[in-house]
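# Fold and geometry: a report
Below are the chains, spelled out letter by letter.
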Amino acid sequence: MASWKKIGIALALSSVFPATQALSEVCTEIQRAISHASAVYSPSGSGNYTADNAHWVASSIEESACTVEPATAADVSAIIKIIGKTKTPFAVKSGGHATNPGYSSTTGVQIAMTRFNAVKYDKKSGTVAIGAGQIWDDVYAKLEPLGVVAPGGRVPGVGVGGFTLGGGYNWLSNQVGLTVDIVVSYELVKPNGDIVTVTQTSSPDLFFALKGGYNNFGIVTQFTYKAFPIDKVWGGLIAYGAAQTAEFNTAFANFAANAADPKAALVSGYALDATGAPIVGNIMFYDGPTPPPGVFDAFLKIKNISSDIGTRTLSSLVASAPQTLPAGTRGYFNTMSFFEYTDAIATAILNETTFWGPVVAKYDPSALAGYHMETFYKSFLTHNTTATAWPFYRSKKFVPLQMQFTWNNPKVDKIMQGFMEQSAAHLTVVANRDGQPIQQLPLYPNYGLFSNGAERVYGSNLPRLKAIKGQVDPQNVMGLAGGWKV
Ligand SMILES: Cc1cc2nc3c(=O)[nH]c(=O)nc-3n(C[C@H](O)[C@H](O)[C@H](O)COP(=O)(O)OP(=O)(O)OC[C@H]3O[C@@H](n4cnc5c(N)ncnc54)[C@H](O)[C@@H]3O)c2cc1C
Ligand SMILES: *[C@@H]1O[C@H](CO)[C@@H](O)[C@H](O)[C@H]1NC(C)=O
Ligand SMILES: *[C@@H]1O[C@H](CO)[C@@H](O)[C@H](O)[C@H]1NC(C)=O
Ligand SMILES: *[C@@H]1O[C@H](CO)[C@@H](O)[C@H](O)[C@H]1NC(C)=O
Ligand SMILES: *[C@@H]1O[C@H](CO)[C@@H](O)[C@H](O)[C@H]1NC(C)=O
């Protein structure tokens, strides 16, 4: 009798508070299952709860039922088993730089990897083991005194976890490839809770799948990378005004076509200043204390409006291009791949900047439209020692565009998404006219707008990834978290 009554009350409650009721029970179960090294936080306004849900853009923040900060792989295993058993929506967050809503946020259980913050260099093997929950700035600071680096994010704040699982364009990519190309092993908590070390010899399929396959195959607690020597580098951020954009475009296209020194790299962006005039932000990098004459001369000759260029540590160079947004800023990335940036494409991208800037401002006065062009050395995609989930195509060099729109008003999310899609569609026409059949190229998962779909990201690798997914995660536990789903 009593138990019938209890069920009756539970049913009544669950029709009023369906999710909340069940979720708080899952949070309690997780709290009971984990060790004292780890902790669960409820929405009580605690600093940890807020930090665990925090993201680079406000549109990626959700109020989770609770957050959990696991400190050991065993605790991650306990958590994922409970999540799988109860089919609870969840998210895994490292640096929180995902710009696709729901990719590392949830109204269910938010797993924040922040306590996985070790950095262990092993001189003998020339590798460095890095905990999956920290940001690259902190990794560089720990490795710099040792004279080595595992190259990751190029600007402040980017997380180790998402960056590495999605590919990883880094300042040494011309010399060592994508960050996925230098991973030698993964400590992985599989969707069924098994804790495994994944290497090319132990499990070639999973090793392939984790190299760019995002969060489809489990939760990574630690990455082991090849380490590379690093000493003083040269470069930083230089900016040019509206009158210099044409000169800059020509210099950029020349550099893209003719760069002969793999130690030299560039990331260059367009935006509009407060008066609506276009400006260029150009980050130059050279792996050495000074670039040989000729390498960056064309960029140094252009009249600048601000400049922070010099010989410095990698940490200092990364810090020279801060990317903090005012609190509450929403935003998405979108991406395209080109075979190369030509003057025609750079000019069309500049036109997109001046075209969309005033349009987005009409919908939300705080909105900004920016475009970042990245070019790499001709052989930069040839450094892989195994096949990788991403990119599926390496036979010819291709380079990414990172489109970045930001705004404040949540009501214009959908409109901004549409504008970003229109902009990419227009630039596709321009690229085709320029002789570049770019539709066949992979889109970068770490920059892609969700509406592009996993097909455009994984292409011909999708069947193999689906097969591996079927074996590793037959219950589709990782499908309870957002992301590029294979
Ligand atoms: C300001 C800025 C600068 C950037 N600079 C670069 C750059 O120089 N080069 C470049 O290639 N990219 C760059 N990016 C893109 C960046 O690589 C992606 O945003 C990346 O996904 C961020 O990783 P994160 O750990 O910070 O993100 P998160 O939002 O924490 O995670 C991203 C995705 O990875 C999953 N994930 C994270 N950790 C784990 C884990 N341990 N196990 C399983 N899944 C996990 C999450 O669930 C989520 O789906 C930049 C982005 C921003 C916003
Ligand atoms: C989270 O909790 C840990 C351990 O109690 C504490 O050291 C840390 O400062 C907290 N972080 C925040 C952001 O409150
Ligand atoms: C930027 O412009 C200033 C002022 O004209 C000049 O002194 C400086 O050398 C320039 N910086 C670079 C790196 O060319
Ligand atoms: C500039 O961009 C807009 C929007 O994509 C497009 O309609 C227009 O044709 C472009 N103009 C030039 C000169 O390319
Ligand atoms: C590098 O990746 C390409 C494309 O996946 C693959 O064909 C090639 O075999 C890989 N290289 C090595 C050495 O495995």
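What you see is a predicted model; the values in this text were computed from it and never measured. (Residues numbered from 1 in each chain as written. Chains lettered and ligands numbered in written order. Predicted model: local features only at pLDDT ≥ 70, side-chain atom pairs only at ≥ 80, totals over all residues. Heavy atoms only, no water.)

### What about the side chain of Asn53?
How we decide: Secondary structure elements follow DSSP: runs of H or I of four or more residues count as helices, runs of E of two or more count as strands, with numbering from the N terminus. Any two residues whose heavy atoms approach within 4.5 Å are treated as being in contact.
Structurally, the position occupied by Asn53 is in helix H3 (residues 47-53). Non-local contacts of Asn53, meaning those with residues more than four positions away in its chain, are made with Ile61, Glu62, Glu63, Ser64, Thr67, Lys93 and Gln110.

### Some words on the site of ligand 1
Applied cut-off: The near set for a molecule or strand comprises every residue that places at least one heavy atom within 4 Å of it. Side-chain atoms alone can form a polar contact between residues adjacent in sequence; in general such a contact is a pair of N or O atoms within 3.5 Å, and within protein one must be able to donate a hydrogen while the other accepts it. Calculation of accessible area relied on Shrake-Rupley with a 1.4 Å probe; when residues are assessed, cover is drawn exclusively from the protein chains displayed. Three categories are distinguished: nonpolar for Ala, Val, Leu, Ile, Met, Phe, Trp, Tyr, Cys and Pro, charged for Asp, Glu, Lys and Arg, and polar for the others, with Gly belonging to the last.
What surrounds ligand 1 is a group of 31 residues, the closest being Val92, Ser94, Ser104, Val220 and Tyr444. In this structure, an oxygen atom belonging to ligand 1 sits 3.2 Å away from a main-chain N or O atom of His97. With respect to ligand 1, the side chain of Arg154 contributes an N or O atom lying 2.8 Å from an oxygen atom. Here ligand 1 loses 98% of its free accessible area of 950 Å² to cover by the protein chains. Secondary-structure elements contributing two or more residues to the shell around ligand 1 are strand S3 (90-93), helix H6 (160-166) and strand S10 (219-226). Element by element, the count of residues in the shell around ligand 1 is highest for H6, at four residues. Residue composition of the shell around ligand 1, by class: 16 nonpolar, 13 polar and two charged.

### What to know about the nonpolar core
Selection criterion: We call a set of buried Ala, Val, Leu, Ile, Met, Phe, Trp, Tyr and Cys residues a nonpolar core when their side-chain atoms join them within 4.5 Å. Under the scheme applied here, a residue whose accessible area is under 20% of the maximum for its type counts as buried, over 50% as exposed, and between as partly exposed, the area being computed with a 1.4 Å probe on protein chains only.
Ranked by size, the top nonpolar core spans 122 residues in total, and within it Tyr225, Phe296, Phe299, Phe338, Ile349, Phe405 and Tyr458 carry the most contacts. Tallying contributions element by element places helix H12 (residues 343-363) first for this core, with eight residues. Excluding residues that lie within four positions of it along the chain, Tyr225 makes contacts with Gly126, Thr127, Val128, Ile130, Trp136, Ala150, Val160, Thr164, Thr179, Ile182, Val183 and Val184.

### Details of the sheet that holds strand S9 (residues 195-198)
To keep things clear, this is the line we draw: If DSSP finds at least two bridges between two strands, the strands pair. In this analysis an axis means a line fitted to C-alpha atoms, helices contributing only their contacting stretch, and an angle means the value between N-to-C directions, from 0 to 180 degrees.
Spatially, five strands are ordered S5-S6-S10-S8-S9 in an open sheet, and the strand pairing comes out antiparallel. Only two strands of the sheet have a single neighbouring strand rather than two, namely strand S5 (119-122) and S9. Each adjacent strand pair in this sheet contributes to an overall mean axis angle of 15°, direction not counted. Relative to S10, strand S6 (residues 127-131) is paired through five bridges, and the arrangement is antiparallel. Looking across to S10, one finds that Ala129 is bridged to Thr224. Its contacts with the sheet put helix H5 (residues 136-143) on S5, S6 and S10, and the angle it makes with S5 is roughly 40°.

### Overview of the packing of H12 against helix H13 (residues 413-433)
When two helices pack together, their arrangement is given by the angle between the helix axes and the distance between those axes. Put simply, the rule is: In these notes the angle categories are as follows: under 35 degrees is roughly parallel, over 145 is roughly antiparallel, 65 to 115 is roughly perpendicular, and the rest is oblique. Helix crossings get a hand from a simple test, with the near helix turned counterclockwise from the far one by less than a right angle marking a left-handed crossing and a clockwise turn marking a right-handed one.
One can describe the packing of H12 onto H13 by two numbers: an axis separation of 11 Å at closest approach and a directional angle of 160°. What the angle tells us is that H12 and H13 run roughly antiparallel. In this structure, H12 crosses over H13, and the sense of that crossing is right-handed. Between H12 and H13, the contacting residues are Ala344, Ile345, Ala348, Ile349, Glu352, Trp356, Val359, Val360 and Tyr363 on the first element and Ile415, Met416, Phe419, Gln422, Ser423, His426, Leu427, Val430 and Ala431 on the second.

### Comments concerning unusual backbone geometry
Here the bond from Trp390 into Pro391 is cis, since omega is -5°, no more than 30 degrees from zero. The topology assignment puts Pro391 in the loop between strand S17 (368-375) and strand S18 (399-407). For Tyr214, which is not glycine, the phi torsion reads 65° and is therefore positive. Residue placement: Tyr214 occurs in the loop between helix H8 (204-210) and S10. Despite not being glycine, Asn476 shows a phi value in the positive range, around 55°.

### So, the UniProt feature "domain: FAD-binding PCMH-type" (unreviewed entry) in the chain
The criterion, for reference: UniProt positions are given in the numbering used here, feature names are shortened, and annotations may be inferred rather than shown by experiment.
This chain's UniProt record puts "domain: FAD-binding PCMH-type" (unreviewed entry) on residues 60-230. As a span, residues 60-230 carries 23% helix and 26% strand, and end to end its C-alpha atoms are 34 Å apart.

### Comments concerning the packing of helix H9 (residues 245-258) against H12
Packing of H9 against H12 leaves a shortest axis separation of 8 Å and a crossing angle of 140°. Here H9 lies oblique to H12, going by the angle between them. Between H9 and H12 lies a crossing of right-handed hand. Across the interface between the two elements, Thr245, Asn249, Thr250 and Ala253 from H9 touch Asp343, Ala346, Thr347 and Leu350 from H12.

### Here's the deal with helix H4 (residues 73-86)
So the rule is basically this: Working rule for helices: expected span equals 1.5 Å times residues minus one.
The end-to-end C-alpha distance of H4 is 20 Å, a good match for the 20 Å that 14 residues give at a rise of 1.5 Å each. Among the residues making up H4, those that are buried are Ala73, Asp75, Val76, Ser77, Ala78, Ile79, Ile80, Ile82, Ile83 and Gly84. Positive phi shows up at Lys87, right after H4, with a value of about 50°.

### As for the pairing of strand S2 (residues 66-69)
Because side chains alternate across S2, one face comprises the buried residues Cys66 and Val68, and the other comprises Thr67 and Glu69, equally buried. Judged from the three bridges that link them, strand S1 (residues 39-41) and S2 form a sheet pairing that is antiparallel. Bridged to Ala39 within S2 is Glu69. Pairing analysis gives three bridges linking S2 to strand S4 (residues 109-112), with the strands arranged parallel. For Val68, the partnering residue across the bridge sits in S4 and is Ile111.

### Re the site of ligand 3
What surrounds ligand 3 is the set Ile238, Leu300, Asn304 and Ser307. Asn304 has a polar side-chain atom sitting 2.3 Å from an oxygen atom of ligand 3. Interatomic distance of 3.5 Å between a side-chain N/O atom of Ser307 and a nitrogen atom of ligand 3. Bound to the protein, ligand 3 loses 40% of the 360 Å² it would expose on its own. When grouped by side-chain class, the residues that make up the shell around ligand 3 number two nonpolar, two polar and no charged.

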